[in-house]
Amino acid sequence: MIELGKKALEAKDFLASVTEEQKNAALMAAANSLRRNSRTIVEENKRDIENGKKAGLREGLLDRLMLDEDRINAIADGVEEVAALPDPCGIVLDEVKRPNGLVIKKVSVPIGVIGIIFEARPNVTADAAALCLKSSNAVILRGGKEAINSNIAIASVMRAAIGKCGFDENCIQLVTDTSRNSANEMMRLNGYLDCLIPRGGKNLIKSVLENATVPVIETGSGNCHIYVDCNADIDMAAKIIFNAKTQRIGVCNACESLVINAAILDRALPKIKELLDKKNVEIRADERAMQVCDGLVPATEEDFSTEYLDYIISVKTVDTLDEAIKHINKNSTRHSEAIITSDASHAEEFMRRIDSSSVYVNASTRFTDGGEFGLGAEIGISTQKLHARGPMGLRELTTTKYKIYGNGQIR
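To keep things clear, this report deals only with the structure shown in the data block. No experiment lies behind these values; they were computed from the predicted model shown.

Considerations on the side chain of K245
Thinking step 1. Within the secondary structure, K245 is located in helix α10 (residues 234–246).
Thinking step 2. You can call K245 buried: its relative accessible area is 0%.
Thinking step 3. Separated by 3.2 Å, the side chain of K245 and the backbone oxygen of C255 make a polar contact.
Thinking step 4. In contact with K245, not counting residues within four places along its chain, are C255, E256, L276, V281, D310, I312 and I313.

Topic: the pattern of salt bridges
Thinking step 1. All told, the structure shown has 21 salt bridges when counted by the stated rule.
Thinking step 2. A salt bridge links D63 to R71, with the nearest nitrogen and oxygen atoms 2.8 Å apart.
Thinking step 3. Assessed through its relative accessible area of 22%, D63 is described here as partly exposed.
Thinking step 4. When the shortest N-O distance is used, the salt bridge between E282 and R284 registers 2.6 Å.
Thinking step 5. Assessed through its relative accessible area of 30%, E282 is described here as partly exposed.
Thinking step 6. The network of salt bridges with common partners includes D322, K326, E349 and R353.

Overview of the sheet that holds strand β3 (residues 113–118)
Thinking step 1. Overall, parallel pairing links the four strands, which are arranged β5-β4-β3-β6 in an open sheet. What marks the edges here is a single partner per strand, and that holds for β5 (172–174) and β6 (195–199). When the angles between neighbouring strand axes are averaged without regard to direction, this sheet yields 20 degrees.
Thinking step 2. Here five bridges tie β3 to β6, and the two strands are oriented parallel to one another. The residue bridging I114 from the neighbouring strand is C195, located in β6.

Thresholds applied
- Residues numbered from 1 in each chain as written.
- Predicted model: local features only at pLDDT ≥ 70, side-chain atom pairs only at ≥ 80, totals over all residues.
- Heavy atoms only, no water.
- Helix = DSSP H or I, 4+ residues; strand = E, 2+ residues; numbered from the N terminus.
- Buried < 20%, exposed > 50% of the residue type's maximum accessible area, 1.4 Å probe, protein only.
- Polar contact = N/O pair within 3.5 Å; in protein donor to acceptor, adjacent residues only side chain to side chain.
- Contact = heavy atoms within 4.5 Å.
- Salt bridge = Lys/Arg side-chain N within 4 Å of Asp/Glu carboxyl O.
- Pairing = 2+ DSSP bridges.
- Axes fitted to C-alpha atoms, helices over the stretch in contact; angles between N-to-C directions.

In structure tokens, the structure reads:
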């Protein structure tokens, strides 16, 4: 791991001297190479899928893991979208001339060397590599064992592509040792890593937060809520909930928890259940909701704070908007929450008081995504409040530097 760190420091110095045009050319080459090598990547991914099935991975995790031609094309498109974005480095954020004649500029600069620990999502390898390259950061990637063959294939393709463009291939490095020991070493790579970003489930994030000695940006799991207000459009609510829960179950912005106002419960829940039944979603409901529909499963208190990543959703009945907000803030992972309502004042109160990184009115939580927000690919969804919050795109991968220009001033 130390050797990877040394190579990353050299790559960081190399990136400090490249132009935006050179970075864009390298990214376009990487995107084209991903497409040309898609069959090889798919074959390696099949090995991971087969191993995942033998290991008993849930359907949601297998969906996260799976790559096909369409998904690889989408990954390559994402790399090209990053190339098309403005360079986040070198932007003058503030400028002031002091009475003594000093000119002080606050400028955006790369963080330096970024480490990313992630689980069974091989697309993260390409997304993170592209974002870090465009923001002039060297990156060390450490994926989980579930996706190791896919990750090696993607990283190798991208490293070779940027190498042909004259780049130091070690701008992108992959840790091939998937043991717990390698993760622990990475968490303590002081002097080499400027920051570490965990991307995965709550256990991974908890482990990094408790054990890392390098600075960490926390990206959270997603117990995302949708609240159906007393005056909601029920057909709209049902369609949004169906999309948010079932479009992709293994993602952090999927809806896991449903909160329904009691005044609309007997009309809304049957319609919601009718749609969710098409995907055989198990509904774990509180006592009042159980009395409205057949075929529900009694919920425990733990259900209201669980990220299932499966065809399961919890239902909590509330009497007021205030009760809904308090319930959500208590059980939320601070990721994404939504309200379905026709009352503008209720919508504004919900958005003001909900303490999450992304808050929606009358829309699916599935939009919490760097691409959907116009940021290009994302490095993760930050649920903390310092440095970055929400989808982390290029700008969130920079920090600042003060540049001071003088003509002989002394103090």
